[in-house]
Amino acid sequence: MLSQRYRLFMRTGHALLSRPTHQSLSWNTNAICRKFQFTSQRSYTSSPPTTTLGEATPTTRVRFAPSPTGHLHLGGLRTALYNSLLARQDGGKCILRIEDTDQTRYVPGATESLIRALEWAGVKFDEGPGIGGPHEPYQQSKRLELYKQHAEILVEHDHAYRCFCSPERLSLVRLEAQKSGRTASYDRKCSNLSKQESQERAEKGESYVIRMKVPDGKTVIHDKVHGKVEFMNKEVDDSVLMKSDGFPTYHLANVVDDHIMGITHVIRGQEWLPSAPKHIILYNMFGWKEPSFAHVPLLLNPDKSKLSKRSGDVNVEDYRDKGYFPEAVVNFVALLGWHPGSTEEIFDLDGLTKAFSLKNIQQSNAVVLREKLDWINKMHLNRRAETKEGLLNMAAMVRPKIEADLGPLGKEHTDEYIGQVIDTLKERIKNVYDVPTLCGYYFKSPTYTSEESVAYLSKVGADTLLKVLPKALSELKSKNDVSLEKEEAKQVLKAIADEHKLKLPVVMNALRYTVSGVKVGAGVPETLSTLGRKCVIDRIERVLERCKS
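Notes on the structure follow. It should be emphasised that the depicted structure is a prediction, and the values quoted were computed from it without experimental measurement.

The rules behind each value
- Residues numbered from 1 in each chain as written.
- Predicted model: local features only at pLDDT ≥ 70, side-chain atom pairs only at ≥ 80, totals over all residues.
- Heavy atoms only, no water.
- Helix = DSSP H or I, 4+ residues; strand = E, 2+ residues; numbered from the N terminus.
- Buried < 20%, exposed > 50% of the residue type's maximum accessible area, 1.4 Å probe, protein only.
- Core = buried A, V, L, I, M, F, W, Y, C linked by side-chain atoms within 4.5 Å.
- Contact = heavy atoms within 4.5 Å.
- Pairing = 2+ DSSP bridges.
- Right-handed = clockwise from strand over helix to strand, strands pointing away.
- Salt bridge = Lys/Arg side-chain N within 4 Å of Asp/Glu carboxyl O.
- Axes fitted to C-alpha atoms, helices over the stretch in contact; angles between N-to-C directions.
- Polar contact = N/O pair within 3.5 Å; in protein donor to acceptor, adjacent residues only side chain to side chain.

### What about the side chain of H380?
So, step 1. Turning to its location among the elements, H380 is positioned in helix 12 (residues 370-384).
So, step 2. With relative accessibility at 3%, the residue H380 sits in the buried group.

Encoded structure:
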């Protein structure tokens, strides 16, 4: 039974309907709401798009509705991004809604984790938890009475029914279907119960769920990605709408909330396309106009298997913790299943907003390639390195990683210095976290004892060091009161080569070994200039002592 006092929130004006406790419950469609019109038609069709594909309208309202079952997946970020981009194009609204009705999969703290990841990525919302809005609360577990009321309305009008079947019987039904080669679906036993028997059993406290009663005929959806898609209703299961614990399933809750919140476009993963006919049928049962649908392609591993948590790094936090820039990750996921219609591949959020269009979302699944992300991240690294502010931001970002890998830094290792290191290395790194991994010598003196250093010394030769380093030392000390610039470093290298009649690469290898201990890095003049005169002199003197001992 419905509660003594009930409320129905409709899209038009959110009309509040209530009845005094002494009045009997009697449903009258016209009295409930002009827009609440039940239908008995048996062939349901979603409305063809009335706007140009991919174009937002001034009243565009979209939503991202994740379940708090863990971290934000790459696919989830892409869905949130596409929704946000469509809304931003023409002053629409993007809503964050937490779909936490599956209590068996709920993970404490997951909602906060999702919100942090979205904030890191720069995806912003106009309504939602912690933001507010006209449709609060934006957490489905706090809207249970609303779903219960709508489910009971469907039961009252014979669009749904109570199912009292035990889990054991349902298991037998599934087993029999599998044995006969049929799709496992409910056999509709309880749909034959009379309203009186169903009501009496419910009032006696017998456990039940509420199932939708799928009509005969077919359902057609006009999807903005896949076009016209038809489903035969006989292949659509009488899915559960309300569980025995009082929580709704996704099918009911998302339809009710999307209608009440005025959602105009539903952009979600392709895995939900088989559920679309159930949702279209529900919209028609309630007499509501359904939103436009766009089911975006799946994300795949390089081996074409579906991207999943078992695949490795699939969560946004994984990429954040590995030093990728948020704008690079957003740029990367935007291109997973969408193309801008041009050769341009590097976008910031503003650029994506201008270029995005639903009509350019492809139907084929998208392969997640780490190599592509690395390249995009490098392009954004170079963009950041174009300004002093960008270099300082990268320095602040990588400092904790440097100290975690190499230990506390000295006072001389300011953000300005770290930024200079990044600028020196920008052509040779793809990620700022490469700095401590590949080039720790910018922050700690080399030990020269690693296998790589020993091999490099054998190539350079101790005799060469004894020829090259004294001249380098005297040249550098002659201008001890000024900073070491790249041009001076070049002149020093050339002077040594001329004096000892050595090839310039021989001289550069000797200095590279001396200051870094490894053979990989930026150009030698650039490296010497970045390290600074005092540091280079100290390392030359140290290596000379090692050679003489």
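And the narrative resumes.
### Observations regarding the nonpolar core
So, step 1. Counting 101 residues, the largest nonpolar core has Y442 and L511 as the members making the most contacts within it.
So, step 2. With eight residues, helix 2 (residues 74-88) is the single largest residue contributor to this core.
So, step 3. Once residues within four sequence positions are removed from consideration, L511 is found in contact with V468, L469, A472, L493, V524, L528 and I540.
So, step 4. Listed in part, the 35 residues of the second largest apolar core include A160, A253, V266 and F293.

### Points about the pairing of strand 3 (residues 93-96)
So, step 1. By the bridge criterion, four bridges tie strand 2 (residues 61-64) to strand 3 in an arrangement that is parallel. Within the sheet, the bridge partner assigned to R63 lies in strand 3 and is I95.
So, step 2. What joins strand 2 to strand 3 is helix 2, and the crossover it makes is right-handed.

### Looking at the pattern of salt bridges
So, step 1. Applying the stated criterion across every chain yields a total of 29 salt bridges.
So, step 2. With its nearest N and O atoms 2.5 Å apart, the salt bridge here joins R188 to D238. With R188 in the loop between helix 5 (167-179) and helix 6 (195-203) and D238 in the loop between strand 7 (227-232) and strand 8 (240-242), the pair connects residues that are 50 residues apart, well separated along the chain.
So, step 3. Since its relative accessible area comes to 27%, R188 is described here as partly exposed.
So, step 4. Note that R201 and E197 form a salt bridge whose closest N and O atoms lie 3.5 Å from each other. Linking R201 with E197, this pair stays in helix 6, spanning four residues, or about one helical turn.
So, step 5. Relative accessible area serves as the criterion here: at 23%, R201 is assigned to the partly exposed category.
So, step 6. Judged by relative accessible area, E197 falls into the partly exposed class, the value being 34%.
So, step 7. Shared partners join several salt bridges into a network, and the residues in it are R63, R97, E99, R143, D257 and D258.

### Some remarks on the pairing of strand 9 (residues 265-269)
So, step 1. Along strand 9, five of the five residues are buried, which leaves the element largely enclosed by surrounding structure.
So, step 2. Bridge count between strand 9 and strand 10 (residues 292-296): five bridges; the pairing is parallel. Residue G269 lies in a different strand from strand 10, and its bridge partner there is V296.

### A word on the sheet that holds strand 8
So, step 1. The three strands are arranged 4-5-8 in an open sheet whose pairing can be described as antiparallel. One side of each edge strand has no neighbouring strand; the edge strands of this open sheet are strand 4 (160-163) and strand 8. Taken pair by pair, the neighbouring strands of this sheet meet at an average axis angle of 45°, ignoring direction.
So, step 2. One ladder, built from two bridges, connects strand 5 (residues 209-212) with strand 8; its direction is antiparallel. Counted as the bridge partner of R211 is V240 from strand 8.

### A look at the environment of Y186
So, step 1. Tracing the chain through its elements places Y186 in the loop between helix 5 and helix 6.
So, step 2. Residue classification places Y186 among the buried residues on the basis of a relative accessible area of 8%.
So, step 3. Taking the C-alpha atoms as reference points, Y186 and R211, 25 residues apart in sequence, are found 9.7 Å from one another.
So, step 4. The contacts of Y186, once residues within four sequence positions are left out, are Y161, C163, C165, R169, L170, R211 and D237.
So, step 5. At 3.0 Å, the side chain of Y186 and the backbone nitrogen of C190 are in polar contact.

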